[in-house]
Amino acid sequence: MGRVELLSYAIPAFAVLMLVEWIAYRRDPDRAQTSGSVRDTASNVVTFTLGRLTKPLLQYVLPFSAVVGAAAITPLHLSPRSWWVWLLGLVVTDLCYYWAHRADHRVRLMWTAHSVHHSSQYFNLSTAIRLSWLHPVASLLRGLAWVPAALLGFPAWMIFLLQGIGLLYQFPIHTQRVRTLPRPIEFVFNTPSHHRVHHGSNQPYIDKNYGGILIIWDRLFGSFAAETEPVRYGLTKNIGTDNPLKVNYHELAALIRDVRGASTWRGRLGYVFGPPGWTEHAEPPSERVEGPVSERVEVPVPVQVTERVGQLTA
């Protein structure tokens with residue numbers, strides 16, 4: 001059973017939990033205005049549904065998987081009959097996810113797909129299913145992050161299944177209803193508090209907490225931030241629409257505009273493979289703003305910039 005099939009079986013549970021959360025928020029006047037909106041939730045659900053419908057097309061366009069190829073050529077083969085292989089596989093694939101997720105936020109081509117997930121200005125369970133669809137090039141690049149797991153000898157089907165388990169784990173942590181968990185859990189695992197930070201578009205939260213199941217990767221690689229102040233959700237420059245088509249392709253359209261407007265090959269490549277917010281021309285010293293590149297897009301400099309750029313962190 002692959003990642004897509006596993007998520008399909010979980011859809012009824014997702015629907016029930018989203019309904020329960022929505023009812024709970026409606027009964028809490030203090031949180032009802034900030035927890036979500038009907039239009040935003042509907043956009044999340046439609047975006048997810050269209051994504052499920054287009055998955056077969058994406059699989060047809062990209063029949064070759066780098067993970068499958070790596071698993072076929074590696075001389076190493078780990079047996080799924082051993083329990084420790086599953087445990088090790090969960091840790092290894094989660095580490096692969098960390099680097100894939102980090103790249104989602106630091107490579108603009110990949111951000112064109114991942115920005116969909118961060119474009120909601122609310123944070124609830126329906127935000128978890130606000131996922132991109134039909135971004136084949138970004139998906140192909142992202143899949144390379146799991147090639148090391150295949151080369152280590154984990155079967156390709158196990159890697160895909162563990163990917164699905166990691167995505168299932170992340171669904172319930174998209175909530176404001178749970179504040180913090182016991183300290184040992186908060187130290188090792190990704191939690192609602194850590195993931196709220198990840199979805200923040202205000203400092204000190206931009207580009208933080210990329211972990212999937214484990215938050216220890218962020219602690220090890222310097223991308224961890226604790227929840228210390230209110231979180232502002234969304235992008236640093238929000239898109240102002242709930243149209244699923246625009247939600248999915250607003251950043252890709254901005255990337256294409258920037259590439260077409262670039263005057264050099266360095267500029268064209270930079271807009272594609274540089275971090276979100278990268279510009280072809282540096283700001284004049286008097287207008288330069290210290291801080292993450294994601295925040296500099298709001299500085300009025302005489303160059304063409306992308307419409308977001310939101311949270312460079314998933």
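An unreviewed UniProt entry annotates the protein as Sterol desaturase family protein originating from Nocardia abscessus. UniProt lists a comment for the protein under the heading Subcellular location (unreviewed entry), and it reads "Endomembrane system".

Draft legend 1. Focus on the nonpolar core. Formed by 18 residues in total, the largest nonpolar core has its most connected members in Val67, Trp146, Ala149, Ala150, Phe154 and Ile159. Listed by contribution, the elements that provide at least two residues to this core are helix H4 (66–73), helix H5 (83–106), helix H8 (147–151) and helix H9 (156–170). The element that contributes the greatest number of residues to this core is H5, accounting for five residues. Each residue touching valine 67, except ones within four places of it in the same chain, is listed here: Gly143, Trp146, Val147, Ala150, Ala156, Ile159 and Phe160.

Draft legend 2. Representation of the pattern of salt bridges within the structure. Considering all chains together, one arrives at six salt bridges under this definition. A salt bridge links arginine 142 to aspartate 104, with the shortest nitrogen-to-oxygen separation between them at 2.8 Å. One end of the pair, arginine 142, is in helix H7 (residues 136–143); the other, aspartate 104, is in helix H5, and 38 residues separate them in sequence. Since its relative accessible area comes to 3%, aspartate 104 is described here as buried. Notably, a salt bridge pairs arginine 108 with glutamate 251, separated by 2.9 Å at the nearest N-O pair. Taken together, the residues span a long stretch of sequence, with arginine 108 in helix H6 (residues 108–118) and glutamate 251 in helix H13 (residues 244–261) at a distance of 143 residues. What makes arginine 108 buried here is its relative accessible area of 2%. Overlapping salt bridges bring together Arg108, Glu251 and Asp258 as one network.

Definitions and limits used
Residues numbered from 1 in each chain as written. Predicted model: local features only at pLDDT ≥ 70, side-chain atom pairs only at ≥ 80, totals over all residues. Heavy atoms only, no water. UniProt positions renumbered as here; feature names shortened; annotations may be inferred. Core = buried A, V, L, I, M, F, W, Y, C linked by side-chain atoms within 4.5 Å. Buried < 20%, exposed > 50% of the residue type's maximum accessible area, 1.4 Å probe, protein only. Helix = DSSP H or I, 4+ residues; strand = E, 2+ residues; numbered from the N terminus. Contact = heavy atoms within 4.5 Å. Salt bridge = Lys/Arg side-chain N within 4 Å of Asp/Glu carboxyl O.

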